Amino acid sequence: MITLSNIQVTFENGSQSVTAVQDVSLQVDAGDVYGIVGYSGAGKSTLVRVINLLQRPSAGSVVVNGQDLLALQPKELRLARKRIGMIFQHFHLMNSRTIYDNVDFPLKSSKLSKRERDLKVKQLLELVSLSDKLDAYPSQLSGGQKQRVAIARALANDPEILLCDEATSALDPKTTLSILELLKKLNRTLGLTIVIITHEMQVVKEICNKVAVMEAGRIVEQGDIVSIFSRP
Ligand code: ADP
Ligand code: ADP
């Protein structure tokens, strides 16, 4: 479903260059909940941004849903990206728009009619248990509720893949668990493939079936959750 091969990302800042990701290969299969763990600065966020080409790699190949993303024309890439949702630590909601409008936003560039969009927005907000917040603004919601809105928005175009960049890091432990429960439900019921970046091992243990450990731009360990955690 996702195959990254020999990915390298180097940032040039004037005379300095930082290699954030170095020769990383990984494979995520359909239905996986794949965790990427490591300390701050390890390159996790950069690596995950490569999956939807928010970050273009300096070298390597990116194959998602059978498509070589680096070979696509801009229009094809836009379509391919709709099949990959993403959520962030700080939610990235539009604060001057209602919850309804936030979730409707990605649907505006779809082929759906206004009526179909309306139905879809309401279904999505029902899925994340926020049907009573259609007319609220983000500032009126708790962190956990904001993340639920972000999840609903990320799912608007029915992606097969959801990328989660420290999605629970700004939340308290109880809210974190409720977001993880929601992600588990989406994985089970929609067959959504999920990639989760986190610095919290507890998150991985709670939800992931596979994990990669990153250190200084490289994957230093990779495998099934059971085999990784049963090693001496
Ligand atoms: P993590 O997500 O594991 O905290 P990041 O991928 O954010 O790690 O960062 C990896 C390294 O790349 C860090 O040294 C960071 O400062 C650097 N980096 C990330 N994004 C950029 C950028 N846009 N320009 C320059 N350096 C960057
Ligand atoms: P969020 O948590 O909301 O996703 P981040 O703090 O992860 O936001 O990153 C914000 C942006 O800053 C990203 O686009 C990332 O690539 C960029 N960034 C991270 N580290 C650096 C750095 N050392 N130099 C320049 N840009 C960076």
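Computed from a predicted structure; not experimentally measured.

### Some points on the site of ligand 1
Part 1 of the argument: The environment of ligand 1 is formed by Phe11, Asn13, Ala20, Tyr39, Ser40, Gly41, Ala42, Gly43, Lys44, Ser45 and Thr46.
Part 2 of the argument: Between ligand 1 and the protein, one listed contact pairs an oxygen atom with a backbone N or O atom of glycine 41 at 2.7 Å.
Part 3 of the argument: Contact between ligand 1 and lysine 44: an oxygen atom at 2.8 Å from a side-chain N or O atom of the residue.
Part 4 of the argument: Listed by contribution, the elements that provide at least two residues to the shell around ligand 1 are strand 1 (2-13) and helix 1 (44-51).
Part 5 of the argument: Here the element with the most residues in the shell around ligand 1 is helix 1; it accounts for 3 residues.

### A few points about the pairing of strand 6 (residues 84-88)
Part 1 of the argument: Summarising burial for strand 6: 5 of the 5 residues are buried, a large majority.
Part 2 of the argument: On strand 6, burial covers both faces: Ile84, Met86 and Phe88 on one face and Gly85 and Ile87 on the other are all buried.

### A short note on helix 5 (residues 143-154)
Part 1 of the argument: Under the 1.5 Å per step criterion, the end-to-end length of helix 5 is 16 Å for 12 residues, consistent within 8% with the ideal 16 Å.
Part 2 of the argument: Extensive coverage of helix 5 is indicated by the burial of 9 of its 12 residues.
Part 3 of the argument: All of the buried residues in helix 5 are Gly144, Gln147, Arg148, Val149, Ala150, Ile151, Ala152, Arg153 and Ala154.
Part 4 of the argument: Where helix 5 is buried, its residues contact strand 6, helix 3 (99-104), helix 4 (114-127), strand 7 (161-165) and helix 6 (173-190).

### Observations regarding the site of ligand 2
Part 1 of the argument: Contacts to ligand 2 come from Arg49, Phe88, Gln89, His90 and His92.
Part 2 of the argument: Contact between ligand 2 and histidine 92: an oxygen atom at 2.9 Å from a side-chain N or O atom of the residue.
Part 3 of the argument: For ligand 2, whose accessible area on its own is 570 Å², the fraction buried by protein is 35%.
Part 4 of the argument: A per-class count over the shell around ligand 2 returns 1 nonpolar, 3 polar and 1 charged.

### Overview of the confidence of the model for the protein chain
Part 1 of the argument: Confidence in the prediction for the protein chain averages 95 pLDDT; 99% of positions are at 70 or higher.
Part 2 of the argument: At the level of chain-chain contacts, confidence expressed as ipTM amounts to 0.72, with global pTM at 0.90.

### A few points about unusual backbone geometry
Part 1 of the argument: Backbone geometry places aspartate 158, a non-glycine residue, at a positive phi of 50°.
Part 2 of the argument: On the secondary structure map, aspartate 158 appears in the loop between helix 5 and strand 7.
Part 3 of the argument: Not every positive phi belongs to a glycine, and alanine 216 is a case in point at roughly 45°.
Part 4 of the argument: Note that alanine 216 resides in the loop between strand 9 (210-215) and strand 10 (218-224).

### Observations concerning the pattern of salt bridges
Part 1 of the argument: If you walk through the whole model with that rule in mind, you get 9 salt bridges.
Part 2 of the argument: With a closest N to O distance of 2.9 Å, aspartate 104 and arginine 117 form a salt bridge. Here arginine 117 lies in helix 4 and aspartate 104 lies in helix 3, a separation of 13 residues in the sequence.
Part 3 of the argument: For lysine 120, the salt bridge identified is with aspartate 158, shortest N-O distance 2.8 Å. With lysine 120 in helix 4 and aspartate 158 in the loop between helix 5 and strand 7, the pair connects residues that are 38 residues apart, well separated along the chain.
Part 4 of the argument: By relative accessible area, which is 16% here, lysine 120 ends up buried.

Conventions we followed
- Sequence order sets the numbering: in each chain, residues are counted from 1 along the sequence as written.
- As they are written, the chains are lettered A onward and the ligands numbered 1 onward, keeping that order.
- It should be noted that, the model being predicted, local features are given only for residues of pLDDT at least 70 and side-chain atom pairs only at 80 or more, the latter also being counted only at that level, while totals for whole chains, interfaces and linings use all residues.
- Working from all heavy atoms in the structure, the side-chain values ignore hydrogens and water.
- When we say a residue is near a molecule or strand, we mean one of its heavy atoms is within 4 Å of it.
- In protein, a polar contact requires one atom able to donate a hydrogen and another able to accept it; more generally it is a pair of N or O atoms within 3.5 Å, and residues adjacent in sequence count only if both atoms are side-chain atoms.
- The way it works is that DSSP assigns letters per residue, a run of H or I at least four long becomes a helix, a run of E at least two long becomes a strand, and they are numbered from the N terminus.
- Exposure categories follow from relative accessible area, calculated using a 1.4 Å probe and restricted to protein chains: below 20% of the type maximum is buried, above 50% is exposed, and the middle band is partly exposed.
- Expected helix span is computed as 1.5 Å times (number of residues minus one).
- It only takes one pair of heavy atoms within 4.5 Å for two residues to be counted as in contact.
- To be clear on the numbers: accessible area is Shrake-Rupley with a 1.4 Å probe, and residue cover counts the displayed protein chains and nothing else.
- Each residue gets one label: Ala, Val, Leu, Ile, Met, Phe, Trp, Tyr, Cys and Pro are nonpolar, Asp, Glu, Lys and Arg are charged, and the others, such as Gly, are polar.
- Each residue carries a pLDDT score, the predictor's own confidence in it, on a scale running from 0 to 100.
- In the sections that follow, a salt bridge refers to a side-chain nitrogen of Lys or Arg positioned within 4 Å of a carboxyl oxygen of Asp or Glu.

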